[in-house]
Amino acid sequence: MLVPAEIETGHLIGRPVRVEDLPHYIRLQTDPDVTKTLGGIADEATIKQRLNSAVGHWMAHGFGEYVFFSKLDPTHFAGRAFLRHKMIDGESAIELGYAYMPEFWGQGHGSAVAGLLIKQAFETLRVDEVLSFTLVTNVASRRVMEKNGFTYSHQGVYAGFPHVFLRLSCLAWQSAQANQRHL
Ligand SMILES: CC(C)(COP(=O)(O)OP(=O)(O)OC[C@H]1O[C@@H](n2cnc3c(N)ncnc32)[C@H](O)[C@@H]1OP(=O)(O)O)[C@@H](O)C(=O)NCCC(=O)NCCS
């Protein structure tokens, strides 16, 4: 494993996703509110395939998706967030993605976890750039990206729906970090 086995914010603790996380995956990916911006409720075969792919990504690349739990109640599943290799429109990218259970929305968790994964991408994995994308209507997701320094790249169609693509380069991130240190 190239990256830490555990990552945490003030309120959430995350560890690499495992095949035993299927019940959590099913809860998240059959929740009507969560899946409204993620292509709709998935069937169990699709959910299992996604889970196996996320677990396989860790084995193949030494980094990948974390599942998060509340620190106050470690049995309370909060959601998932990941860095992963993604081929998109012929481009090989490192993608940042995330989804949380509705009871965790609007409390800064999405932004905080994204910040940790971005740091991991640039400081540990030493990638040049991170890509993230969301439905053009998904204001909350875009805001998580922008709060972490991502800027608009382009619009395009993904999975049949119009999406907005944003990018963050390592250079831009390093310069924002340096500016913050001098504030
Ligand atoms: C998108 C998502 C990850 C955001 O996570 P979150 O923990 O609620 O985000 P935060 O609390 O860190 O909020 C981030 C920003 O978005 C804003 N925001 C949150 N929900 C919003 C909404 N419905 N409309 C507009 N802005 C919203 C917050 O106000 C905050 O901005 P601010 O600090 O300037 O006020 C979460 O809503 C989610 O899991 N949604 C379902 C799955 C999904 O859409 N995933 C992304 C797919 S690309």
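Residues numbered from 1 in each chain as written. Predicted model: local features only at pLDDT ≥ 70, side-chain atom pairs only at ≥ 80, totals over all residues. Heavy atoms only, no water.

**Student:** Sorry, what's going on with the pairing of strand β5 (residues 91-100) here?
**Tutor:** Across the ten residues of β5, eight count as buried, placing the element largely inside the fold. Of the strand pairs in this sheet, strand β4 (residues 77-88) and β5 are connected by ten bridges, and their pairing is antiparallel. Residue pairing for β5: Met-87 is matched across the bridge by Ser-92. Joining the antiparallel neighbours β4 and β5 is a turn of two residues, in which Asp-89 adopts a positive phi near 50°. (Buried < 20%, exposed > 50% of the residue type's maximum accessible area, 1.4 Å probe, protein only. Helix = DSSP H or I, 4+ residues; strand = E, 2+ residues; numbered from the N terminus. Pairing = 2+ DSSP bridges.)

**Student:** In this structure, what is going on with unusual backbone geometry? I would like to understand it.
**Tutor:** Leave glycine aside and you will find that most residues have negative phi; peptide bonds, for their part, are mostly trans. Phi at Asp-89 is positive, roughly 50°, even though this residue is not glycine. Despite not being glycine, Ala-159 shows a phi value in the positive range, around 50°.

**Student:** Looking at this structure, I do not really get the site of the ligand. What am I missing?
**Tutor:** Near the ligand lie 22 residues; those nearest to it are Thr-37, Gly-106, Gly-108, Ser-111 and Lys-147. Here Gln-107 contributes a backbone N or O atom positioned 3.2 Å from an oxygen atom of the ligand. At a separation of 2.8 Å, an oxygen atom of the ligand approaches a polar side-chain atom of Arg-143. When the ligand is considered free in solution it has 930 Å² of accessible area, and contact with the protein chains removes 72% of it. Of all the secondary structure elements, the ones that give two or more residues to the shell around the ligand are β5, α4 (109-124), β6 (129-135) and α5 (139-147). (Near = heavy atom within 4 Å. Polar contact = N/O pair within 3.5 Å; in protein donor to acceptor, adjacent residues only side chain to side chain. Areas by Shrake-Rupley, 256 points an atom, 1.4 Å probe, with all protein chains shown as cover.)

**Student:** What am I meant to see in the packing of aromatic side chains here?
**Tutor:** Both the distance between ring centres and the angle between the ring planes are used here to describe each pair of aromatic rings. By the definition in use, this model includes six aromatic pairs. Seen from their ring centres, Tyr-66 and Phe-68 are 6.3 Å apart, and the 40° between their planes marks the pair as tilted. Grouping residues by exposure puts Tyr-66 and Phe-68 together as buried. Aromatic pair Phe-122 and Trp-173: ring centres 5.4 Å apart, planes at 40°, arrangement tilted. Here the residue Phe-122 occupies a position in helix α4, and Trp-173 occupies one in helix α6 (residues 170-181), the gap between them amounting to 51 residues. Residue Phe-122 shares its accessibility class with Trp-173, and that shared class is buried. Among the aromatic side chains, those forming a connected cluster through ring pairs are Trp-58, Tyr-66 and Phe-68. (Phe/Tyr/Trp six-rings, centres within 6.5 Å; stacked < 30°, edge-to-face > 60°.)

**Student:** Would you explain the layout of surface pockets in this entry?
**Tutor:** Think of a ball as big as a water molecule: rolled over the atoms, this probe shows where empty space is left. Approximately 210 Å³ is the volume found for the second largest pocket. The wall of the second largest pocket is formed by Gly-115, Ile-118, Lys-119, Lys-147, Asn-148, Gly-149, Leu-168, Ala-172, Trp-173, Ala-176, Gln-177 and Gln-180. Every element with two or more residues in the lining of the second largest pocket is listed here: α4 and α6. For the lining of the second largest pocket, the element with the most residues is α6, which contributes five residues. Looking at the lining of the second largest pocket residue by residue, the classes come out as five nonpolar, five polar and two charged. (1 Å grid on protein atoms, 1.4 Å probe; cavity = no way out; pocket = protein on both sides within 12 Å on 5 of 7 lines; lining within 4 Å. Points joined across faces, edges and corners; volume = space filled by probe spheres on them. Nonpolar A, V, L, I, M, F, W, Y, C, P; charged D, E, K, R; others polar.)

**Student:** What should I look at first to understand the pattern of salt bridges in this one?
**Tutor:** Once the charged atoms of two side chains with opposite charge are near each other, the side chains can pair. The full count for this structure, using the stated rule, is twelve salt bridges. Of the charged contacts, one joins Lys-36 and Asp-33 as a salt bridge, the two residues approaching to 3.7 Å between their closest N and O atoms. On the accessibility criterion, Lys-36 (63% relative accessible area) is exposed. For Glu-91, the salt bridge is made with Arg-167, and the minimal N-O distance between the two is 2.9 Å. Of this pair, Glu-91 sits in strand β5 while Arg-167 sits in strand β8 (residues 161-169), placing them 76 residues apart in sequence. With a relative accessible area of 19%, Arg-167 lands in the buried category. Among the ionic contacts, a cluster of salt bridges with common partners joins Glu-91, Glu-129 and Arg-167. (Salt bridge = Lys/Arg side-chain N within 4 Å of Asp/Glu carboxyl O.)

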